[in-house]
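Below, each chain spelled out in residue letters.
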Amino acid sequence: MSDASPAARPGQAPVVTRFAPSPTGYLHIGGGRTALFNWLYARGRGGKFLLRIEDTDRERSTPAATEAILQGLRWLGLDWDGDAVSQFERRDRHAEVAHEMLARGTAYKCFSTPEEIAAFRAAQEAQGASYAIFQSPWRDADPATHPAGAPYAIRMRAPRSGETIVEDAVQGTVTFGNDQLDDMIVLRSDGTPTYMLAVVVDDHDMGVTHVIRGDDHLNNAARQQMVYDAMGWAIPVWAHIPLIHGPDGKKLSKRHGATAVGDYQLQGYPAAGMRNYLSRLGWAHGDAEFFTSAQAMEWFDLPGIGRSPARLDFKKLENICGQHIAASDDAALLHEIEAFLAATGQPALAPAQRDLLSRALYCVKDRAKTFPELLEKAHFALTARPVTADAASAPALDTVSRGILKSLTPRLQTASWTKEGLEPILTETATAHGIGFGKLAAPLRAALAGRSATPSVYDMMLVIGRDETIARLEDAAG
């Protein structure tokens, strides 16, 4: 789909967005939506969508979590440009920028010890300060007074008065008092960079033009702008999107249901349906509810994002996913079903099962909201003789019904195998035994599928064919 995306207009800088997760756990549904918004915005403008793994927390970052994030993005169909960037591997570049700010005078060496900082804050809080912003005595100290050989952190020289204004494409103009911004550390005394520095350096070096992320990062934008200003770099477009809440309006948690993208794959939701639904969580294009990813790329824009938290609605998710299953190309749908079976550790389809399922999709795909539902409705095409009737359908195979099935099979031997050819035979059989067609359909469903809820008996007979239909009826008739 990205091949059909429009190119950037002449004279416009190409759009570059990024998704920058921390590999400390699974890909959260909120992270999946953030990645989707970045992907849609870039792809819809012929731009680049980049991936950066923010793995500086070496104790919590794991290769397994990184792979889970990559797998979640792949399942959602969110392809990224180039290789994923490791933030940890760029730590030397981050330190280089910190020292450059030091040389520019926009940062300074701070020799204060953790104990001194804690004592300062304790004293401020004792005087009634709700949050004590540390004011380093080394900010304006004469370099000649620096203790030789002592460890030091590098701090930003934040403005002490005035305001910092963040122009946000979603939140509007957001103003921060500079008296609330501290001289944040950008390089620790052990030489490791902080997140606040690393994220800005990486975004700048990667050419990111639009930072689209959760609004829990909005406060960070004010502090990160200091780094851009200190280095004389262009500030990207900020777009802080609202978080996802549960149906009850509270912060989404496991008590609401699945919170990991991978869980939705294992539950059998189609990726296209998930993309459609997630894009509508916090963004709107008129009254459009059901749309393709190509349409979403064309329509998606930052002004369409609301400021209020979006609520996860599982019924709406199922409805959207059901529409996508129904609208899917059969070959693509079959491929995704096979991927679902593999992901959930279920046996692969045998060649005969694959063939019958392919032939059955037309009569089952418009009735299912998830792949497990579809596979259950397609049970008649996947099961093998002898068909075992479940508890709901078994009562339909009583002695009288088995006798009716036995009388039906000879007429099917020579029937024209079309709905038009089969319909009068089944109707006449029901009439001859003094029952309505519904009374005949129940034992037919039990015999052909072993279920009481199935596609129409005509569809099942056409899919499995004459020989298999007669064999199953004979098995059931006894």
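Keep in mind that what you see is a predicted model, and the values were worked out from it rather than measured. (Residues numbered from 1 in each chain as written. Predicted model: local features only at pLDDT ≥ 70, side-chain atom pairs only at ≥ 80, totals over all residues. Heavy atoms only, no water.)

(A) A look at the overall build of the protein chain. Looking only at helices and strands, the protein chain features 18 helices and twelve strands. Its C-alpha atoms give the protein chain a radius of gyration of 31 Å, more than 25% over the compact-globule value 23 Å for 478 residues. Principal-axis analysis of the C-alpha atoms places the extent of the protein chain at approximately 110 × 50 × 35 Å. Counting over 478 residues, the protein chain shows a buried share of 48%. Taking all contacts inside the protein chain whose residues are at least 6 apart in sequence as the whole, residues at least 24 apart take part in 76%. Of the accessible surface of the protein chain, which amounts to about 22,200 Å², a share of 51% is contributed by carbon and sulfur atoms. Charged side chains of the protein chain number 49 positive and 57 negative; the gap between the two group centres comes to 4 Å. (Helix = DSSP H or I, 4+ residues; strand = E, 2+ residues; numbered from the N terminus. Rg over C-alpha atoms; globule rule 2.2 N^0.38 Å. Buried < 20%, exposed > 50% of the residue type's maximum accessible area, 1.4 Å probe, protein only. Contact = heavy atoms within 4.5 Å. Areas by Shrake-Rupley, 256 points an atom, 1.4 Å probe, with all protein chains shown as cover. Lys, Arg positive; Asp, Glu negative; His and termini not counted. Charge placed at Lys NZ, Arg CZ, Asp CG, Glu CD.)

(B) Focus on the pattern of salt bridges. Considering all chains together, one arrives at 28 salt bridges under this definition. One salt bridge in this structure joins Asp205 and Arg90, with 2.7 Å as the shortest N-O distance. Of this pair, Asp205 sits in helix α5 (residues 195-205) while Arg90 sits in the loop between β3 (85-86) and α3 (91-104), placing them 115 residues apart in sequence. The closest approach of N and O atoms between Asp390 and Arg451, which form a salt bridge, is 3.8 Å. (Salt bridge = Lys/Arg side-chain N within 4 Å of Asp/Glu carboxyl O.)

(C) Summary view of helix α16 (residues 419-432). With 14 residues, α16 ought to run about 20 Å at 1.5 Å a step, and its terminal C-alpha atoms sit 20 Å apart, in line with that. Backbone geometry just downstream of α16 places Gly434 in the positive-phi region, at approximately 70°. (Expected span 1.5 Å × (residues − 1).)

(D) Here's a closer look at the packing of aromatic side chains. Applying the stated rule across the entire model yields eleven aromatic pairs. Arranged with centres 5.8 Å apart and planes meeting at 5°, the rings of Phe437 and Tyr458 form a pair that is stacked. Of the two residues, Phe437 is situated in helix α17 (residues 437-449) and Tyr458 in helix α18 (residues 457-477); the sequence distance between them amounts to 21 residues. Judged by relative accessible area, which is 30%, Phe437 ranks as partly exposed. Feature note: the residues Phe37, Trp283, Phe291, Trp299 and Phe300 constitute an aromatic cluster, connected by ring pairs. Across the ring face of Phe88, the terminal group of Arg58 is positioned such that the distance to the ring centre comes to 3.8 Å. A cation sits over an aromatic face here: Arg91 above Phe88, 4.0 Å from the ring centre. (Phe/Tyr/Trp six-rings, centres within 6.5 Å; stacked < 30°, edge-to-face > 60°. Lys NZ or Arg CZ within 6 Å of the ring centre and 35° of its normal.)

(E) Focus on unusual backbone geometry. Note the cis peptide between Arg385 and Pro386, where omega equals -5°. Counting through the fold element by element, Pro386 comes out in the loop between α14 (379-382) and α15 (399-413).

(F) Molecular detail of the packing of α5 against helix α6 (residues 218-231). At a minimum axis distance of 9 Å, the contact between α5 and α6 shows a crossing angle of 60°. Between α5 and α6 lies a crossing whose hand is right-handed. Contact residues: Tyr195, Met196, Leu197, Val199, Val200 and Asp203 in α5; Asn220, Arg223, Gln224, Val227 and Tyr228 in α6. Of the residues belonging to the contact of α5 with α6, the class tally is seven nonpolar, two polar and two charged. (Axes fitted to C-alpha atoms, helices over the stretch in contact; angles between N-to-C directions. Left-handed = near helix turned anticlockwise from the far one by under 90°. Nonpolar A, V, L, I, M, F, W, Y, C, P; charged D, E, K, R; others polar.)

(G) Main features of the packing of α3 against α6. Interaxial distance between α3 and α6 falls to 10 Å at its minimum, and their mutual angle equals 65°. Here α3 and α6 pass one another in a crossing that is left-handed. From α3, Val97, Glu100, Met101 and Arg104 reach across to α6, where they touch Val227, Ala230 and Met231. A breakdown of the residues in the contact of α3 with α6 according to their chemical character gives five nonpolar, no polar and two charged.

(H) Representation of the environment of Leu444 in the model. Position of Leu444 among the secondary structure elements: in helix α17. Judged by relative accessible area, Leu444 falls into the buried class, the value being 1%. Beyond its immediate chain neighbours, meaning those up to four positions away, Leu444 contacts Leu405, Leu408, Leu426, Val457 and Leu473.

(I) Layout of the pairing of strand β7 (residues 172-177). Pairing between strand β6 (residues 163-168) and β7: six bridges, direction antiparallel. If you follow Glu163 over to β7, its bridge partner there is Gly177. (Pairing = 2+ DSSP bridges.)

(J) Spatial organisation of the sheet that holds strand β2 (residues 48-53). The parallel open sheet is built from three strands, whose spatial order is β1-β2-β3. Looking at strand neighbours, the two that pair on one side only are β1 (16-19) and β3, the edges of this open sheet. Here β1 runs beside β2; their pairing, made up of four bridges, is parallel. Bridge pairing in β2 places Arg18 opposite Leu50.

(K) The pairing of β6, seen in detail. The alternating pattern of β6 places Thr164, Val166 and Asp168 on a buried face, while none of Glu163, Ile165 and Glu167, on the opposite face, is buried. What sits between the antiparallel neighbours β6 and β7 is a turn of three residues.

(L) Here's a closer look at the nonpolar core. Core analysis: the largest hydrophobic core is formed by 49 residues, its most contacted members being Ile337, Leu357, Leu374, Phe380, Leu412 and Leu426. The set of elements that each furnish at least two residues to this core consists of α11 (330-343), α12 (351-364), α13 (371-377), α14, α15, α16, α17 and α18. Other than its neighbours up to four places away in sequence, Phe380 contacts Ala360, Cys363, Val364, Leu448, Ala449, Pro455, Met460, Val463, Ile464 and Arg472. Phe37, Leu278, Ala310 and Leu312 belong to the second-largest nonpolar core, a separate cluster that totals 47 residues. (Core = buried A, V, L, I, M, F, W, Y, C linked by side-chain atoms within 4.5 Å.)

(M) Summary view of the sheet that holds strand β5 (residues 153-156). Across the sheet, which stays open at both edges, the three strands sit in the order β4-β5-β8 with antiparallel pairing between neighbours. On the outer flanks of this sheet lie β4 (107-110) and β8 (185-187), each paired with one strand and no other. Sheet twist, expressed as the mean angle between neighbouring strand axes with direction ignored, is 45°. Inspection of the sheet shows β5 paired to β8 by two bridges, in the antiparallel sense. When the sheet's bridge partners are listed, Arg155 is paired in β8 with Ile185.

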